[in-house]
Amino acid sequence: MAHLVWLKRDLRIDDHEALATAAARGTCIVLYVYEPEYYASPEFDPSHHTFIDASLVELERDLAARGARLTYRYGAMPDVLDALAREIPIESISSHEETGNAITYARDRRVRAWAASRGIPWFEYAQNGVVRALRTRDGWAKRWEARMLRPIADVPPRVVTAEIAHESRRTFTDLGVVDRRKPEALPGGSTAAQALLASFLAERGVDYRRGMSSPVSGAVACSRMSPYLAYGAISLRRVYQATLARERDLRARKADGETIDGRWLGSLKSYSGRLHWHCHFMQKLEDEPALEFTNQARAYDGLRENDFNADRFAAWCDGRTGYPMIDACMRSLHRGGWVNFRMRAMLMSFASYHLWLHWRPTAVYLGSQFLDFEAGIHYPQAQMQSGTTGINTLRIYSPTKQALDQDPSGDFIRRYVPELARVPAPYIAEPHLMPPILAASIGYRIGVDYPLPIVDHKVAVAFAKDRIYGVRRGAEAKSEAKAVYVKHGSRKPTPRRQTAPRPAADQRE
Ligand SMILES: Cc1cc2nc3c(=O)[nH]c(=O)nc-3n(C[C@H](O)[C@H](O)[C@H](O)COP(=O)(O)OP(=O)(O)OC[C@H]3O[C@@H](n4cnc5c(N)ncnc54)[C@H](O)[C@@H]3O)c2cc1C
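Visitor: What am I meant to see in the site of the ligand here?
Guide: Residues in close proximity to the ligand total 27 residues, the closest being Cys222, Ser223, Ser226, Phe341 and His378. Where the shell around the ligand is concerned, the elements lending two or more residues are α11 (226-230), α13 (263-287), α16 (341-354) and α18 (375-384). When residues of the shell around the ligand are assigned to their parent elements, the largest contribution, five residues, is made by α13. Three or more residues apiece are contributed to the shell around the ligand by two domains, here domain 2 (190-288) and domain 3 (291-488).

Visitor: Mind showing me how you'd approach the sheet that holds strand β5 (residues 122-125) here?
Guide: Picture the strands of a sheet paired through backbone hydrogen bonds; they go either parallel or antiparallel. Within the open sheet, the five strands sit side by side as β3-β2-β1-β4-β5. Their pairing is parallel. Every other strand in the sheet has two partners, leaving β3 (70-74) and β5 as the edge strands with one partner each. Sheet twist, expressed as the mean angle between neighbouring strand axes with direction ignored, is 30°. As paired strands, strand β4 (residues 90-96) and β5 are joined by four bridges and run parallel to one another. When the bridges of β5 are listed, Ser95 appears paired with Glu124. Contacting β1 (2-7), β2 (28-34), β4 and β5, helix α1 (residues 17-25) runs over the sheet at an angle of about 160° to β4. Of the strands in this sheet, β2, β3 and β4 touch helix α4 (residues 79-87), which is tilted by about 145° from β4.

Visitor: Explain the environment of Pro418 here, please?
Guide: Its location among the elements puts Pro418 in the loop between α20 (411-416) and α21 (436-441). Exposure remark for Pro418: the 11 C-beta atoms within 10 Å place this residue in the exposed category. Between the C-alpha atom of Pro418 and that of Pro183, which follows or precedes it by 235 residues, the distance is 17 Å.

Visitor: What's the story with the domain arrangement of the protein in this structure? I'm lost.
Guide: How big an interface is tends to be stated in terms of accessible area lost as the parts join. Entries for the protein in the domain assignment read domain 1 (2-154 + 169-175), domain 2 (190-288) and domain 3 (291-488). Look at where the C-alpha atoms of domain 1 and domain 3 centre, and you get two points 35 Å apart. In this complex, domain 1 contributes 11 residues to the contact, which on the side of domain 3 involves 10 residues. A class-by-class count of the residues in the side of domain 1 that touches domain 3 yields four nonpolar, five polar and two charged.

Visitor: Would you mind showing me how to read the nonpolar core here?
Guide: The tendency in soluble globular proteins is for nonpolar side chains to be buried as a group. By size, the foremost hydrophobic cluster in this structure holds 115 residues, and its most contacted members are Val5, Val30, Leu31, Cys329, Leu347 and Ile413. No other element matches α13, which puts eight residues into this core. Ignoring anything within four residues of it in the chain, the contact list for Leu31 reads Leu4, Val5, Trp6, Leu7, Thr71 and Arg73.

How each quantity is defined
Residues numbered from 1 in each chain as written. Predicted model: local features only at pLDDT ≥ 70, side-chain atom pairs only at ≥ 80, totals over all residues. Near = placed C-beta within 6 Å. Helix = DSSP H or I, 4+ residues; strand = E, 2+ residues; numbered from the N terminus. Domains from an automatic or database assignment. Pairing = 2+ DSSP bridges. Axes fitted to C-alpha atoms, helices over the stretch in contact; angles between N-to-C directions. Contact = placed C-beta atoms within 7 Å. Buried ≥ 20, exposed ≤ 12 C-beta atoms within 10 Å, placed from the backbone. Nonpolar A, V, L, I, M, F, W, Y, C, P; charged D, E, K, R; others polar. Core = buried A, V, L, I, M, F, W, Y, C linked by C-beta atoms within 7 Å.

Given below as structure tokens:
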């Protein structure tokens, strides 16, 4: 008999309630399942496998240090469980709750039915602030805070695992996946997560509030915890509590008369707010799984569905729209799988407004390119930047303004769009406006070496606004907005720490 610990997006031993409780119950099987459905899902990218694999290597090591072995199986769930149950009777299943996409949602339902039909209890533990079967958003922020302040689950000193057939980690070839890695992607694993968090809280985070908006300063000033949170290489609770501890430490030192860099406390407050947003957005998909596919406000149905332009989509995906900031951000994703929030919002907004593409295919593509793809954050954010939520202010970014504001020297653009390497800073955001004589003097051929803008900014934005406001002003959209707010809108800040966003602040930075 064995207690099964089913690892999903919780690839760590620290603060792992499912592992800790199962280990206390008796002999365990600590299981990771390679699910073919996941590898075939549209948002999957080989870089995700690389990250997961590195996390599993560490987990194997950490479990081995506690006398335990990590068991791997390949196959659909619950068939894998069926086969395991023939090897050894399963007494219980422990895992963390998951707010995934439609694939993992359906798979969890199948597992639930399987376990119930065999009378096997399935213990699911929350690992973040997302509340299952939430009845109302009122009071949600308080519940989030309470969960995040719960004690960290102890790492079990010893985990006894059952002697069953051993299978090794799967390689790209085993999985039938092309070995395509991102050369600038962060490495997976809990060690990297802890090191990044430590450097953020000790040094990098000091300029978080000011530095987060630019892809250049943001790469250092942002925590970069997102892929580690997405695959659970570190728990959100651990990150939040470490942030509070740092804040307390700074305040105490300040009270003792030490000179503290004035930026720290504001930056840490903003950071805590983002950790709250992590779950605030995931809660939307948890409450309404259809948000992965359908407009949050149904009044917007039909707005873009029939206008999909495959050439525009391909240019956007490849980073050859003729808008240097868009193309640099997209190509930076190809190389590293990360770009800061502001640039993600700009990429999505450009696709949805300037190119008038429906958010679903563009969100799927971005999901595949983000190392930190987290369906619960991703789809609600994609809709928010596309004007289909019904409750958020319309925000259309000008890629030229973003380039001038966030990359004034043009170094970021030149790094990822080498065709523009010789273009001087005053023209880097709009190289097609370079005087021909200047272009000739640097050997740059306008419209040949790099595309002309795929659409005219002013014309495209006017068209998009006209269409969106056309719906927004309608009676149906107005009455639906109230219902959407009641279901998904963020409420007042929590009284104690004031970290929760105000209702209209979802998209502020
Ligand atoms: C269209 C779009 C899609 C996005 N898709 C994802 C996604 O798939 N996975 C993902 O983790 N984030 C996503 N984000 C949110 C945000 O951009 C990233 O979390 C952030 O850039 C990750 O970098 P970081 O860890 O350095 O963030 P930091 O600024 O250091 O923030 C720390 C953590 O807070 C959370 N967080 C920060 N900003 C947000 C936000 N605006 N909304 C929700 N949570 C936030 C993340 O967990 C992040 O790791 C998306 C944003 C947009 C506009």
